[in-house]
Amino acid sequence: MKQPTLDFLISLARRSGEILRSGFGQPHQITMKSQTDLVTEIDHHSEIYLVNEIQKHFPEHYIVTEESGHLEGSPQACWYLDPLDGTINYAHGLPFFAVSVAFAEGGCVMLAAVYDPLRDEMFSAERGRGAFLNGEPIQVSQRSELIESLLVSSFPKDDPDALRESLRYFAYFLPRVRSLRRMGSAVLDICYVACGRLDGMWAMQLEAWDAAAGVLLVEEAGGVVTRLDGSPYALRAPHDLIAANPQLHRRLAVSVKAVREGAFKEIDRF
């Protein structure tokens, strides 16, 4: 079966990013998917471009994408697309969003490209060949102590129990790290861990298209990604994760486990 190259993914992400950039700051047609989740016409324009190009060149491949769902093909060759990660930021004119494209073989992500069109930053990775930002190698940070670390998280929106759990992690880490961020684009959060701008991340209830490209980038940049319970990350639910360099990842995993098991009772007041 014909397989794509990393250059092909980069070209897809860049052209899709041009669609996002051209629409940024303009009035949008907004549709509500839930009380707090929205989609714009630009999400659809970007997705249509990505899907059409992939189906033109690789008609036998399976595609998983945020707005259209699952498009049939061979599950051994699967694309994970987020045509606009950070839609709420985008709709509000907040310049932090990206397009994410990942390709997997047999359930293992092999190629990834994430493009931030406003900063003209292309994050890319090929399994076994490293991770890059605009063609230059990147690596995760070397900070190993929580108190020296800048962490980021992504909160679930529509599950009250999961939101409460996520807030418990936030309450635990807040006095124990240098600072915390919630920036509104999960894939860019993960990319920032890969290039060392952020030291670590935890997140709950992501989707495969949110994480697939970023996970490969972190791993190829020398980091570790697992689920919250410490098991290996996989492209199936639940899509929760911890991402960091190996030393900090161990500390994050121990802390998350303790909070999950209720070891820190003082958090109950939050």
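Note that the structure is predicted; figures quoted are calculated from it, not measured.

Analysis parameters
- Residues numbered from 1 in each chain as written.
- Predicted model: local features only at pLDDT ≥ 70, side-chain atom pairs only at ≥ 80, totals over all residues.
- Heavy atoms only, no water.
- Pairing = 2+ DSSP bridges.
- Helix = DSSP H or I, 4+ residues; strand = E, 2+ residues; numbered from the N terminus.
- Contact = heavy atoms within 4.5 Å.
- Axes fitted to C-alpha atoms, helices over the stretch in contact; angles between N-to-C directions.
- Salt bridge = Lys/Arg side-chain N within 4 Å of Asp/Glu carboxyl O.
- Buried < 20%, exposed > 50% of the residue type's maximum accessible area, 1.4 Å probe, protein only.
- Core = buried A, V, L, I, M, F, W, Y, C linked by side-chain atoms within 4.5 Å.
- Expected span 1.5 Å × (residues − 1).
- Parallel < 35°, antiparallel > 145°, perpendicular 65-115°, else oblique.
- Left-handed = near helix turned anticlockwise from the far one by under 90°.
- Nonpolar A, V, L, I, M, F, W, Y, C, P; charged D, E, K, R; others polar.
- Polar contact = N/O pair within 3.5 Å; in protein donor to acceptor, adjacent residues only side chain to side chain.

Participant: Teacher, can you tell me more about the sheet that holds strand S5 (residues 74–85) here?
Facilitator: Two orientations exist for strands paired in a sheet by backbone hydrogen bonds: parallel and antiparallel. With respect to topology, eight strands assemble into an open sheet ordered S4-S3-S5-S6-S7-S8-S9-S10, the strand pairing being mixed. Strand pairing shows two members of the sheet lacking a second neighbour, strand S4 (69–71) and strand S10 (136–137), which therefore form its edges. The pairing of strand S9 (residues 131–133) with S10 spans two bridges and is antiparallel. Bridge pairing in S10 places Phe132 opposite Pro137. The sheet contacts of helix H5 (residues 186–194) involve S5, strand S6 (98–105), strand S7 (108–116) and strand S8 (121–126), and relative to S7 the element is tilted by about 100 degrees. Those strands touched by helix H6 (residues 208–220) are strand S3 (61–65), S5, S6, S7, S8 and S9, and its axis lies near 100 degrees from that of S7.

Participant: What should I look at first to understand the pattern of salt bridges in this one?
Facilitator: Here the idea is simple: oppositely charged side chains can pair when their charged atoms come close. Counted under the stated rule, the structure contains eleven salt bridges. Glu219 is paired through a salt bridge with Arg127; the nearest N and O atoms lie 3.4 Å apart. Placement of the pair is Glu219 in helix H6 and Arg127 in the loop between S8 and S9, with a sequence separation of 92 residues. By relative accessible area, Arg127 is classed as partly exposed at 30%.

Participant: Help me out: how do you make sense of the nonpolar core in this one?
Facilitator: Nonpolar side chains tend to gather and get buried jointly when the protein is soluble and globular. Core analysis: the biggest nonpolar cluster contains 46 residues, and Tyr80, Val114, Phe123 and Leu241 have the highest contact counts within it. In terms of residue count, H6 provides more of this core than any other element does, nine residues in total. Those residues within four positions of Val114 in sequence are excluded, and the remaining contacts are Ala98, Val99, Ser100, Glu121, Met122, Phe123, Val187, Leu188, Cys191, Ala213 and Leu217. Residues Leu20, Ala77, Leu81 and Tyr90 belong to the second largest nonpolar core, which totals 27 residues.

Participant: Looking at this structure, how should I read the pairing of S6?
Facilitator: Taken across its eight residues, S6 has seven buried, putting it largely inside the fold. Pairing geometry for S5 and S6, over seven bridges, is antiparallel. Directly across from Asp85, in S6, lies its bridge partner Ala98. Relative to S7, S6 runs antiparallel, the two being bridged by seven bridges. Pairing of Ser100 across the sheet is with Val114, part of S7. Where S6 folds back on S7, the antiparallel hairpin that results is connected by two residues, among which Gly106 adopts a positive phi of roughly 55 degrees.

Participant: Looking at this structure, how should I read the sheet that holds strand S12 (residues 179–181)?
Facilitator: In spatial order, the strands read S12-S11-S13-S15-S14; together these five strands make up an open sheet with mixed pairing. Of all the strands in the sheet, the pair left with one neighbour each is S12 and strand S14 (224–226). Along the sheet, successive strands turn relative to each other by an average axial angle of 15 degrees, direction set aside. The sheet contact formed by strand S13 (residues 200–206) and strand S15 (residues 239–244) spans five bridges and is antiparallel. In the strand pairing of S15, Gly200 is matched with Ala244.

Participant: Can you walk me through helix H1 (residues 6–23) in this structure?
Facilitator: Since the α-helix turns once every 3.6 residues, residues separated by three or four places project in the same direction. Helix length check: H1 (18 residues) gives 26 Å between terminal C-alpha atoms against 26 Å at 1.5 Å per residue, within 8%. Among the residues of H1, those classed as buried are Leu6, Phe8, Leu9, Ile10, Leu12, Ala13, Ser16, Gly17, Ile19, Leu20 and Gly23. Elements that come into contact with the buried residues of H1 comprise helix H2 (41–57), S5, helix H3 (87–91), S6, S7 and S8.

Participant: Please clarify how the packing of H1 against H2 should be interpreted in this entry.
Facilitator: How two helices sit against one another is set out by the angle between their axes and by the gap between those axes. Axis separation between H1 and H2 bottoms out at 9 Å; the angle between their running directions is 155 degrees. Here H1 lies roughly antiparallel to H2, going by the angle between them. Of the two elements, H1 crosses H2, and the hand of that crossing is right-handed. Only Ile42, His45, Ser46, Tyr49, Leu50, Glu53, Ile54 and His57 of H2 make contact with H1, whose side of the interface consists of Phe8, Ser11, Leu12, Arg15, Ser16, Ile19, Leu20 and Gly23. Partitioning the contact of H1 with H2 into residue classes produces eight nonpolar, six polar and two charged.

Participant: Whenever I open this one, unusual backbone geometry confuses me. Can you help?
Facilitator: Trans peptide bonds make up the majority, and among non-glycine residues the majority have a negative phi. Unusually for a residue other than glycine, Asp120 sits at a positive phi of about 50 degrees. Mapped onto the fold, Asp120 is located in the loop between S7 and S8. One non-glycine residue with positive phi stands out, namely Gln205, at about 55 degrees. Tracing the chain through its elements places Gln205 in strand S13.

Participant: Help me understand the environment of Ser141 in this model?
Facilitator: With respect to the element layout, Ser141 can be found in the loop between S10 and strand S11 (150–154). Remark: the alpha-carbon pair of Ser141 and Asp120, spanning 21 residues in sequence, is separated by 22 Å. Contacts of Ser141, omitting those with residues within four sequence positions, involve Val193, Gly196, Asp199 and Asn245. A distance of 2.6 Å separates polar atoms of two side chains, one belonging to Ser141 and the other to Asp199.

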